[in-house]
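Take a look at the letters that make up each chain.
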Amino acid sequence: MDRFNITSDYALTIEDVEFQDEGRHFCIVSDYATGTLITGYTDVVVERVSSGEVSIAHILTQLLVISIQITMVLVFFFAVFKIPNEGSLFLIIIMMLIQGLCGMALGFLISASVCDLETEAIQLALGSFYPLLLLSGVVWPIEAMPTPLYYIALCLPQTLPAESLRALLGRGWNMAYFDVWIGYVTLTGWWIVLLVSATIVLRVKR
């Protein structure tokens, strides 16, 4: 019989809707899942369940939360604030969904690796969240960054996806354009790496 700590913590950040750069409005819809394996340090007994099954169950349950977040953002973005959209709504939803899954996988990895308390997981998540936010070109354009930071920013999971959303919303581009599909590939790659890493760490800790 094995023991796991299981919880959820959700974070949603939207940039100022009055700003003209459309890509920033969908800045981050990330179910950060901080402390995914920690519930106030309360143990939940899980019998005959593998690490992969724990990861799958975690993804499926939090997909509902991510879907609610995306729905709320889209309703306020298009219906309330009347922000114009020149691209495919379907592609926008898929991008936001993958972004949420990526944030969830990062929170999963944080809580599965080094944290024993929920407060520790939250602090570590915030410590990684804001550098990612500030260096991704969402708050400050990466073109204005020093050259080393510019290339570091290009490797982050939010930089190229943000550019893809700008191209979708402002230019009406589709997956035939490099600036669009590269964001999906980058974000999907980060999600897979983070999720696999979290599953491996969880299996090793068992």
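Rules used in this analysis
Residues numbered from 1 in each chain as written. Predicted model: local features only at pLDDT ≥ 70, side-chain atom pairs only at ≥ 80, totals over all residues. Heavy atoms only, no water. 1 Å grid on protein atoms, 1.4 Å probe; cavity = no way out; pocket = protein on both sides within 12 Å on 5 of 7 lines; lining within 4 Å. Points joined across faces, edges and corners; volume = space filled by probe spheres on them. Helix = DSSP H or I, 4+ residues; strand = E, 2+ residues; numbered from the N terminus. Nonpolar A, V, L, I, M, F, W, Y, C, P; charged D, E, K, R; others polar. Phe/Tyr/Trp six-rings, centres within 6.5 Å; stacked < 30°, edge-to-face > 60°. Buried < 20%, exposed > 50% of the residue type's maximum accessible area, 1.4 Å probe, protein only. pLDDT = per-residue confidence, 0-100. Contact = heavy atoms within 4.5 Å.

Space inside the second largest pocket adds up to approximately 170 Å³. Lining the second largest pocket are Ile142, Glu143, Tyr150, Leu154, Thr159, Leu160, Glu163, Arg166, Ala167, Arg171, Asp179 and Ile182. At the level of secondary structure, the elements contributing two or more residues to the lining of the second largest pocket comprise helix 4 (147–154), helix 5 (159–171) and helix 6 (178–205). For the lining of the second largest pocket, the element with the highest residue contribution is helix 5, accounting for six residues. When the residues that make up the lining of the second largest pocket are grouped by side-chain class, the tally is six nonpolar, one polar and five charged.

Following the criterion strictly, the structure yields five aromatic pairs and no others. Seen from their ring centres, Phe76 and Phe81 are 6.5 Å apart, and the 40° between their planes marks the pair as tilted. Judged by relative accessible area, Phe76 falls into the partly exposed class, the value being 44%. Take Phe81: its relative accessible area is 40%, and that puts it in the partly exposed class.

Detailed reading of the predicted coordinates is not advisable wherever pLDDT falls low. Mean pLDDT for the protein: 75, with 72% of residues reaching 70 or above. Per-element confidence in the protein is highest for helix 4, whose mean pLDDT is 90, and lowest for strand 1 (residues 2–4), whose mean pLDDT is 40. Within the model, pLDDT remains below 50 along residues 1–28, and this stretch shows 93 contacts once partners closer than five positions in the same chain are excluded. Across residues 39–45, confidence stays below pLDDT 50; counting only partners more than four residues off in sequence or on other chains, it has 16 contacts.

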